[in-house]
Every structure is written in C-alpha cells, then in structure tokens.
Amino acid sequence: MALGAVAEPPVRRRGSDYAQLSRRISQAGLLERRPGWYVTRITLTLGGFVAGWIAVFLLGDSWWQLPLAAVMAVATTQVAFLGHDAGHRQMFRRRGPSELVGLIAGNVAVGLSYGWWVDKHNRHHANPNHEDEDPDVGAGALVWTHEQAQETRGIGRWLAKRQAYLFFPMLLLEGLNLHVSGIRAIVGREDGKYTVPMRHRAIEAALLVAHTVGYVALLLAVMSPVKALLFAVVHQALWGLYMGCAFAPNHKGMPMPTAEDELDFLRKQVLTSRNVRGSRLVDTTLGGLNYQIEHHLFPNMPRANLRRAQPIVRAYCAEQGIPYAETGLIESYRQALGHLHEVGRPLRG
C-alpha cells in the first residue's frame, strides 16, 4: 500500500475506539466495585451450598439423595461462578482477598484448582477463539476447525464425525475432566519445571486433598457405598453439564481469528463473543456470562454492572459498524452445535 494511502495508521485509530468506549463505561461508574452486592451474593451462594450439604447429612441413607445430588450440582456451579468473578478481581481490587475467595470457592468447595483455571482462563481472554492461543478451542475430545478434524485418528475421528450429537452427553464427563486437569496442573512437570505457573501450589494441593477426603468421608458416613457412588456420579456429571452449558453459548460458532487477522482489542473481543438475551433469571443461571461481550471487554467489571453496560456497548458497536452478536439461549446452542457439525462434515463425506 502506498504511504499516502494511510494518513492515520489503522491500529492507532482502532486503538482509540476502545479508549472511547472505556471512557463512556467509566463515566457511567460501571467499573466501580459493588461490595454490598457481592457480600449478599457470597452469603446467599455459600449459605445455600453449605445448607445443601447439611441436608445431605440429615437425609442419611436414602434414595432421595439422588435428586439432592442434582440440586447440589446447581449449587456447586453457582459457587464456581464466584470463583470466576474472584479470578477477574471483580470483587476486590487487591490480589490477596481475590485469591482467598478463589481458593475457597475453587479448591475447597468445588475441588477445582483455582491457579490452573486462572492461568487457562487468562489465556482464553487474551486471544478468544484463536486456534493456536486459546486453550478452549485447542484440539481435544472436541475439534473446532476442519484442520483439527483432519488430524484426528481412531476414536478421536469417530467422535469428530458425530460431535454435534455427542456434545451434551460428553459434557457429563466435563466435571471429571476439570478435576483431573487441575491435579495434572499442580503436579505436572517438564524439563524439570512445572508446566503451569501457580502462586500457591502447595496450598492448592493441600486444599484439593482436603476437599476430596471430606467429600468421600461425608458421603460414606451418611449413606451406603452404592448410594454414595451414585450420588457422586449424578453430582459430578450434572455439575459438568451445567458448567458446559453455561460456557458453550459464549464463543462456540463465532469467528475464529488466525495469526493473519490484525484485530485490535475491541474487535478481537466483540467479534468472537456472543451474548444471550434473557431476564435476570438468565443472568443468575448463567452467572452473568450471558453478557459475554461486555465481560470480555471489561473483565474486572462487577457482574452486577454487566446488564447496565450492555446498552452502552451495543450502541457504541453500532456507531463503529462492528457486528454485535446477541441471541436467545436455545439459538445460541443451535449455532454452537451447527458449527461442531460443520467441522466434522469433511470426515463424514
């Protein structure tokens, strides 16, 4: 391109786009912490979680424990949402209190390594839907691009052909996968170094051991081994399903930028994210993740402010001519499953 054709470098112009939006959001007071809201949310969420385990203890050796396991899967996911907010420092500006809440919510209550999740999630936020940079779209049990599908072999290829139909059943194993991935991150070493950076590795390991021992001991103390095993299966399977259903609408089926795409921060976050419309019940059910565009643009914005930020962000994107994806929950799943089905098409052919 001739020098005279670029009076103003695109990167500088586009970089100012986000700065202007950030000023509007800041002037609206939407980056201010919401201590009162979070005190209430933490109290209700952890209170309900603890009450659920008390109910498990009081119910004893009964088959009614299995429906209660489903209720505890919901409570566990809501606690995990608190860990998500803590990881983004939405609750506190200081790292110490944020990490304390994250360790309690993640390692102690859920049995999920907080340090591993923060490292993984930060890489996702830095390059959402980027095949080489975002760990959430790396090839695994599911594949997200035709290239990943072509590289599958054996059982992986069989799964890739049918992954759209198997997506929700496979989410039943996501809880187990999250537990195992956290443990591997804590102990995993390569070339004499830990593979995942973690600030409190020994503490996290001890807390995960305490969680596991407490979980197993409580179940075996109040019910027969068979009922305890079935409770754990239902609890962990539905927790994984709920977690997967909360995160799947956010990016799956949205554009996947490559190294050749030169996107500024604003467009990188908006174009790869999808919002889910709904009431405040949807906000609670999805932990605020239904405002995925706003969350990705302002990760440390308190969850309670995302709904108020949405009309500002949506209007600004319209001013800039940036597509703003927003759909209903069922349609978001249809789009995500449609993408998975399309990725597997060459293998079926």
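Our subject is the structure that appears above.
Residues numbered from 1 in each chain as written. Predicted model: local features only at pLDDT ≥ 70, side-chain atom pairs only at ≥ 80, totals over all residues. Heavy atoms only, no water.

### Examining empty space enclosed by the protein
According to the stated counting rule, one finds two cavities of 30 Å³ or more in the structure shown. Roughly 120 Å³ of internal volume is contained in the largest cavity. Mapped by element, the contributors of at least two residues to the lining of the largest cavity are α3 (65–87), α4 (95–110), α5 (114–126) and α10 (225–251). For the lining of the largest cavity, the element with the highest residue contribution is α3, accounting for four residues. For the lining of the largest cavity, the residue count by class is eight nonpolar, five polar and no charged. Of the volumes computed, that of the second largest cavity is approximately 30 Å³. H84, D85, Q90, G287, G288, L289, H295, R303 and L306 are the residues that line the second largest cavity. A breakdown of the residues in the lining of the second largest cavity according to their chemical character gives two nonpolar, five polar and two charged. (1 Å grid on protein atoms, 1.4 Å probe; cavity = no way out; pocket = protein on both sides within 12 Å on 5 of 7 lines; lining within 4 Å. Points joined across faces, edges and corners; volume = space filled by probe spheres on them. Helix = DSSP H or I, 4+ residues; strand = E, 2+ residues; numbered from the N terminus. Nonpolar A, V, L, I, M, F, W, Y, C, P; charged D, E, K, R; others polar.)

### Description of helix α7 (residues 155–171)
Since there are 3.6 residues in each turn of an α-helix, residues three or four apart along the chain are aligned in direction. Along its 17 residues, α7 runs just 17 Å from first to last C-alpha, ending more than 12% under the 24 Å computed at 1.5 Å per residue. Taking the largest bend as the criterion, α7 deviates by roughly 95 degrees, centred on Q163. Along α7, the residues that are buried comprise L159, A160, Q163, A164, F167 and L171. Contacts from the buried residues of α7 go to α8 (174–187), α10, α15 (329–343) and α16 (345–348). (Expected span 1.5 Å × (residues − 1). Bend = angle between axes of the 7 residues up to and from the residue. Buried < 20%, exposed > 50% of the residue type's maximum accessible area, 1.4 Å probe, protein only. Contact = heavy atoms within 4.5 Å.)

### A few points about the packing of helix α2 (residues 35–59) against α3
Put simply, α2 and α3 touch, their axes get as near as 10 Å, and they point 155 degrees apart. As far as their axial angle goes, α3 and α2 are roughly antiparallel. The two elements α2 and α3 cross, and the hand of that crossing is left-handed. Contact with α2, carried on its side by Y38, R41, I42, T45, L46, F49, G52, W53, A55, V56 and L59, involves Q65, L68, M72, A75, T76, Q78, V79, L82 and D85 of α3 and no other residues of that element. For the contact of α2 with α3, the residue count by class is 13 nonpolar, five polar and two charged. (Axes fitted to C-alpha atoms, helices over the stretch in contact; angles between N-to-C directions. Parallel < 35°, antiparallel > 145°, perpendicular 65-115°, else oblique. Left-handed = near helix turned anticlockwise from the far one by under 90°.)

### Looking at the environment of M243
Among the structural elements, M243 can be located in helix α10. Excluding residues that lie within four positions of it along the chain, M243 makes contacts with T77, A80 and L178.

### Details of the side chain of Q78
Looking at the element boundaries, Q78 is found in helix α3. Classification of Q78 as buried rests on a relative accessible area of 13%. In terms of polar contacts, Q78 uses its side chain to reach the backbone carbonyl oxygen of T284, at 3.1 Å. Aside from chain neighbours lying at most four places away, what touches Q78 is T45, Y242, T284 and T285. (Polar contact = N/O pair within 3.5 Å; in protein donor to acceptor, adjacent residues only side chain to side chain.)

### Considerations on the layout of surface pockets
Put simply, the largest pocket is a space of about 1,200 Å³. K120, P135, D136, E174 and N177 are, among the 40 residues lining the largest pocket, the residues nearest its centre. The leading source of residues in the lining of the largest pocket is α5, at seven residues. For the lining of the largest pocket, the per-class residue count stands at 19 nonpolar, 14 polar and seven charged. Counted as a void, the second largest pocket has a volume near 390 Å³. In terms of lining residues, the second largest pocket is bounded by 19 residues, among which H179, I183, H211, T212 and Y215 are the most central. A per-element tally of the lining of the second largest pocket places helix α9 (residues 201–222) first, with nine residues.

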